[in-house]
Amino acid sequence: LKNIPKLGMFPTVGVKPLCDSCYIGEQQRRQVVKTSTRTIGDYELFVDMGGPWPITSKQGNKLWMLIRERKRGYLAIYFLSTSSDVADVFEQFLIDTNNKRKQLGMVHVDMSLIATDDDRVFISKKFKNLVRSLRIKQVVMPPYAHHLMLAVEGYMKHVKQGTIKLIHQSVLPAMLWDDLM
């Protein structure tokens, strides 16, 4: 016990000290692994459409699609100009997820379930065929069943209200709503 300093658990001889902000933030030195070889299974996605926003954005968007993974809390927002683009936007989400998987060095990401409400874009033939071809089970929830879709409905409300507040507090034009979101 003689070799252990009074303020810490490990000897500090030859160890580079932490900066002041690290002490204030109570940060610790830990090795961070840059790549992972693990498999993430059973991605359960909850998807909901938002909009139409009253003003078309600078990029021509009026709608957005909110995607949330139930267990891990991953959240993504994609913008759309028309509701017929939903299948294409979901394909882009899958491409982005696969690129992130490769970047992290993960072996596999298994999308097992997608839960949506009964919005016509999610029960369209194009979207159903896409989900079926990817072997993802689609569960269509009844309308206004917020207790079933809580994984995404709460975030949808938060995103809408937060964007309205940011537009109001800033002096930016309202057509920049998707940049603020």
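Because the structure is a prediction, the values reported are computed rather than measured. (Residues numbered from 1 in each chain as written. Predicted model: local features only at pLDDT ≥ 70, side-chain atom pairs only at ≥ 80, totals over all residues. Heavy atoms only, no water.)

(A) Focus on helix α3 (residues 125–133). Among the residues of α3, Phe-127, Leu-130 and Val-131 are the ones counted as buried. Taken end-on, α3 shows its buried residues confined to a sector of 95°, consistent with a single buried face. Facing away from the buried surface of α3 by more than 90 degrees, the exposed residues are Lys-125, Arg-132 and Ser-133. At the exit of α3 stands Arg-135, carrying a positive phi of roughly 60°. (Buried < 20%, exposed > 50% of the residue type's maximum accessible area, 1.4 Å probe, protein only. Helix = DSSP H or I, 4+ residues; strand = E, 2+ residues; numbered from the N terminus. Arc of directions from axis to C-beta.)

(B) Here's a closer look at the pairing of strand β2 (residues 63–69). For β2, a buried count of seven out of seven residues is recorded, marking the element as mostly surrounded by other parts of the structure. Residues of β2 alternate between two faces, with Leu-63, Met-65, Ile-67 and Glu-69 on one and Trp-64, Leu-66 and Arg-68 on the opposite face, all of them buried. Where β2 lies against strand β3 (residues 75–80), six bridges are found, and the strand directions are antiparallel. What sits directly across from Arg-68, in β3, is Leu-75. (Pairing = 2+ DSSP bridges.)

(C) Main features of the packing of aromatic side chains. Summed over the entire model, instances satisfying the criterion amount to nine aromatic pairs. On the basis of an interplanar angle of 35° and a centroid distance of 6.3 Å, the ring pair of Tyr-74 and Phe-93 is categorised as tilted. Pair noted here: Tyr-74 is in the loop between β2 and β3 and Phe-93 is in helix α2 (residues 86–104), with a separation of 19 residues, a long-range link. According to the relative accessible area criterion, Phe-93 is buried, its value standing at 0%. On the numbers, 5.6 Å between centres and 65° between planes, the contact of Phe-90 with Phe-127 is edge-to-face. Here the residue Phe-90 occupies a position in helix α2, and Phe-127 occupies one in helix α3, the gap between them amounting to 37 residues. The same class applies to Phe-90 as to Phe-127, namely buried. (Phe/Tyr/Trp six-rings, centres within 6.5 Å; stacked < 30°, edge-to-face > 60°.)

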